[in-house]
Amino acid sequence: MQARVTDLGLRALSYALLVLMGLIVLQVLFSAVDLNPVATFQAAWPLLGKAITLNSLLDAQWHLLVIIGLMPAGLVWLMDRHVRVDFFYQRRALRWQARTNLLGNLAFAAPFFVMALQASWNFAARAWASDEGSRNAGLNDLWLIKAVLPIGLALLALAVLIETVRLIRDAR
């Protein structure tokens, strides 16, 4: 079941990457022919407002990039595919590796999450409270993307917590 959910999530993110590439191509094309706005609507749409502009295409690229980069971070951590300095302990015993990873989680990841989770929550809450939108005819409802930050960090923190519990067991 877990592998199926993982595959589904990664597949969705790979489609998001294709959408991101398509948005980049569209923005370059519309910019080259000096077409702005790209489309207009009678009524405001969530996130888009009353028009799709070159700036909203650019904003959408950044938003997708954040989602594609941050949302799978916890999954990558749990799959042990994250970047690390393996040459430091690759020939050491598994217990020593577990202790090194545990020390890294406690010394670096824990303080980071203590600070980052609160700050990211406040960041998203301010955007929600002010109904923040783009100042330059980009996307509206920026709280949607800003909410990805605390959600993605919370998922990553949960993954690090799960790994830390495993490492405590393995380090004994």
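Residues numbered from 1 in each chain as written. Predicted model: local features only at pLDDT ≥ 70, side-chain atom pairs only at ≥ 80, totals over all residues. Heavy atoms only, no water.

Looking at the pattern of salt bridges
Side chains carrying opposite charge are able to pair once their charged atoms draw close together. For the structure on display, the rule yields 4 salt bridges. Among the ionic pairs, Glu132 bridges to Lys146, the shortest N-O distance being 2.8 Å. Taken together, the positions of Glu132 in the loop between helix H4 (94-129) and helix H5 (143-146) and Lys146 in helix H5 put the pair 14 residues apart, joining distant regions of the chain. Here Glu132 falls in the partly exposed class, since its relative accessible area comes to 25%. If you follow the salt bridges from partner to partner, you end up with Glu163, Arg166, Arg169 and Asp170 in one network. (Salt bridge = Lys/Arg side-chain N within 4 Å of Asp/Glu carboxyl O. Helix = DSSP H or I, 4+ residues; strand = E, 2+ residues; numbered from the N terminus. Buried < 20%, exposed > 50% of the residue type's maximum accessible area, 1.4 Å probe, protein only.)

Digging into helix H2 (residues 54-70)
Between the first and last C-alpha of H2 there are 24 Å, a value that for 17 residues agrees with the 24 Å anticipated at 1.5 Å per step. Considered for burial, the residues of H2 that qualify are Leu54, Ser56, Leu57, Asp59, Ala60, Gln61, His63, Leu64, Ile68 and Leu70. (Expected span 1.5 Å × (residues − 1).)

Let's talk about the nonpolar core
In terms of nonpolar packing, the biggest core is built from 24 residues, with Leu64, Phe113, Leu156 and Val160 touching the most fellow members. Those elements that place two or more of their residues in this core are helix H1 (2-32), H2, helix H3 (73-78), H4 and helix H6 (148-171). Leave out the neighbours within four places in its chain, and Val160 touches Trp77, Asn105, Ala109 and Phe113. (Core = buried A, V, L, I, M, F, W, Y, C linked by side-chain atoms within 4.5 Å. Contact = heavy atoms within 4.5 Å.)

Quick look at a nonpolar patch on the surface
Residues Leu78, Leu158, Leu161, Ile162 and Val165 make up a contiguous nonpolar surface patch of roughly 460 Å² in combined accessible area. Ranked by residues supplied to the nonpolar patch, first place goes to H6 with 4 residues. Along the polypeptide, Leu78 turns up in helix H3. (Patch = residues over 30% accessible without salt bridge, like charges linked within 9 Å, V, L, I, M, F, W, Y side chains within 5 Å. Areas by Shrake-Rupley, 256 points an atom, 1.4 Å probe, with all protein chains shown as cover.)

A closer look at the pairing of strand S2 (residues 49-52)
Here 3 bridges tie strand S1 (residues 39-45) to S2, and the two strands are oriented antiparallel to one another. If you follow Thr40 over to S2, its bridge partner there is Ala51. Where S1 folds back onto S2 in an antiparallel hairpin, the turn is made up of 3 residues, including Leu47, whose phi is positive at roughly 75 degrees. (Pairing = 2+ DSSP bridges.)

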